[in-house]
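Residues per chain, in single letters:
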Amino acid sequence: DGGITQSPKYLFRKEGQNVTLSCEQNLNHDAMYWYRQDPGQGLRLIYYSQIVNDFQKGDIAEGYSVSREKKESFPLTVTSAQKNPTAFYLCASSIRRTGNTIYFGEGSWLTVV
Amino acid sequence: GESVGLHLPTLSVQEGDNSIINCAYSNSASDYFIWYKQESGKGPQFIIDIRSNMDKRQGQRVTVLLNKTVKHLSLQIAATQPGDSAVYFCAEQKRGGGADGLTFGKGTHLIIQP
């Protein structure tokens, strides 16, 4: 089936640790995105990538890093610099950056312990 | 700044009735709008979209209405079913902007009463 796969579904991070969330899509989409969702708030953009080997900061990029070495993959690393990382993280993709619907993965829950 | 908001945080309807979920947007430069459904603990699911050159668009059991004069968007769900229980939120995109420029509303929780 075509779609966006995020893993793991649940992840626990200790203070001072970096963790990486995986996002893979087999939709042949050029553009990929990472969003953060907190209770009672709208989605906020962390990073996006229009094409392989290119990515841009979103509204809340501090404390996060990404890579786009392959078209299908856009992993997000939550670094120790992110002071409030507990949230629901959503990966998304679209055919291209402009004028197209974006589709979401099932999300990953990150909790700091 | 831009904002997309919903008038009601929770909407409760009887099973079989029609539901109307509203969304107000503030950016008159927005020309593309999307409705998403998000079930608890899951990712948002695309429902329907509409571009600003249209006033109405219909899907299966859903209709989106766009009133550009008052910058208002609504999602109508016909004959609501238990499976329609979820949070619904709208998103807007500026003309010429990309998906990275989408602004999302906070959502309305639709509850279906048996």
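Since this is a predicted model, take the numbers as computed values, not measurements.

Caption draft 1: Molecular detail of the environment of B:F46. By the secondary structure assignment, B:F46 is in strand 5 (residues 45–51). With relative accessibility at 25%, the residue B:F46 sits in the partly exposed group. Those residues within four positions of B:F46 in sequence are excluded, and the remaining contacts are A:T101, A:Y103, B:I34, B:W35 and B:Y36.

Caption draft 2: Just the state of the cysteines, in detail. Residues and elements named next belong to chain A. Per the counting criterion, the structure on display carries two disulfides over all chains. For C23, the disulfide goes to C91, at an S-S distance of 1.9 Å. Judged by the sign of its S-S torsion, about -75 degrees, the bond between C23 and C91 is left-handed. Placement of the pair is C23 in strand 3 (residues 19–25) and C91 in strand 9 (residues 87–94), with a sequence separation of 68 residues. In this pair, the class of C23 matches that of C91, namely buried.

Caption draft 3: View of the pairing of strand 4 (residues 30–38) of chain B. Residue and element names in this part refer to chain B. Extensive coverage of strand 4 is indicated by the burial of nine of its nine residues. Bridge count between strand 4 and strand 9 (residues 86–94): eight bridges; the pairing is antiparallel. Within strand 9, the position partnered with Q38 by the bridge is V87. In this sheet, strand 5 lies alongside strand 4 in antiparallel orientation, the contact comprising six bridges. The residue bridging I34 from the neighbouring strand is D49, located in strand 5. Between the antiparallel neighbours strand 4 and strand 5 lie six residues, among them G41 with a positive phi of about 75 degrees.

Caption draft 4: Representation of the interface of chain A and chain B within the structure. Contacts between the two partners involve 24 residues from chain A and, on the opposite side, 22 residues from chain B. Together chain A and chain B conceal approximately 1600 Å² of surface at their shared face, both sides included; 54% is due to carbon and sulfur atoms. Across the chain A-chain B interface, the total number found is zero salt bridges. Across the contact surface, chain A and chain B share six residue pairs in polar contact (both at pLDDT 80 or more).

Caption draft 5: Representation of the pattern of salt bridges within the structure. All chains considered together, the criterion is met by seven salt bridges over all chains. Note that A:K71 and A:D30 form a salt bridge whose closest N and O atoms lie 3.3 Å from each other. Of the two residues, A:K71 is situated in the loop between strand 7 (64–66) and strand 8 (76–78) and A:D30 in the loop between strand 3 and strand 4 (31–37); the sequence distance between them amounts to 41 residues. Exposure remark for A:K71: the relative accessible area of 24% places this residue in the partly exposed category. Between B:R61 and B:D84 there is a salt bridge, with the nearest N and O atoms lying 2.9 Å from each other. Here B:R61, found in the loop between strand 6 (56–58) and strand 7 (62–67), pairs with B:D84, found in the loop between strand 8 (72–77) and strand 9; they are 23 residues apart in sequence, far enough to count as distant. Note on B:R61: relative accessible area 30%, which makes it partly exposed. The exposure class assigned to B:D84 is buried, which follows from its relative accessible area of 6%. Several salt bridges share partner residues, and in doing so they unite A:R36, A:D38 and A:R44 into one network.

Caption draft 6: Spatial organisation of the packing of aromatic side chains. Per the counting criterion, the structure on display carries 15 aromatic pairs over all chains. Ring geometry for A:Y35 and B:F104: centres 5.3 Å apart, planes at 85 degrees, overall edge-to-face. Here B:F104 lies in strand 10 (residues 103–104) and A:Y35 lies in strand 4, a pairing that spans two chains. Their ring planes at 45 degrees and their centres at 6.3 Å tell us that B:Y36 and B:F104 sit as a pair that is tilted. Note that B:Y36 is positioned in strand 4 and B:F104 in strand 10, a separation of 68 residues in sequence. Taken as a pair, B:Y36 and B:F104 share a single burial class, namely buried. Here B:R51 stacks its cationic end above the ring of B:Y32, 4.1 Å away from the centre of that ring.

What counts and how
Residues numbered from 1 in each chain as written. Chains lettered and ligands numbered in written order. Predicted model: local features only at pLDDT ≥ 70, side-chain atom pairs only at ≥ 80, totals over all residues. Heavy atoms only, no water. Helix = DSSP H or I, 4+ residues; strand = E, 2+ residues; numbered from the N terminus. Buried < 20%, exposed > 50% of the residue type's maximum accessible area, 1.4 Å probe, protein only. Contact = heavy atoms within 4.5 Å. Disulfide = S-S within 2.5 Å. Pairing = 2+ DSSP bridges. Buried area = accessible area lost by both parts, 1.4 Å probe. Salt bridge = Lys/Arg side-chain N within 4 Å of Asp/Glu carboxyl O. Polar contact = N/O pair within 3.5 Å; in protein donor to acceptor, adjacent residues only side chain to side chain. Phe/Tyr/Trp six-rings, centres within 6.5 Å; stacked < 30°, edge-to-face > 60°. Lys NZ or Arg CZ within 6 Å of the ring centre and 35° of its normal.

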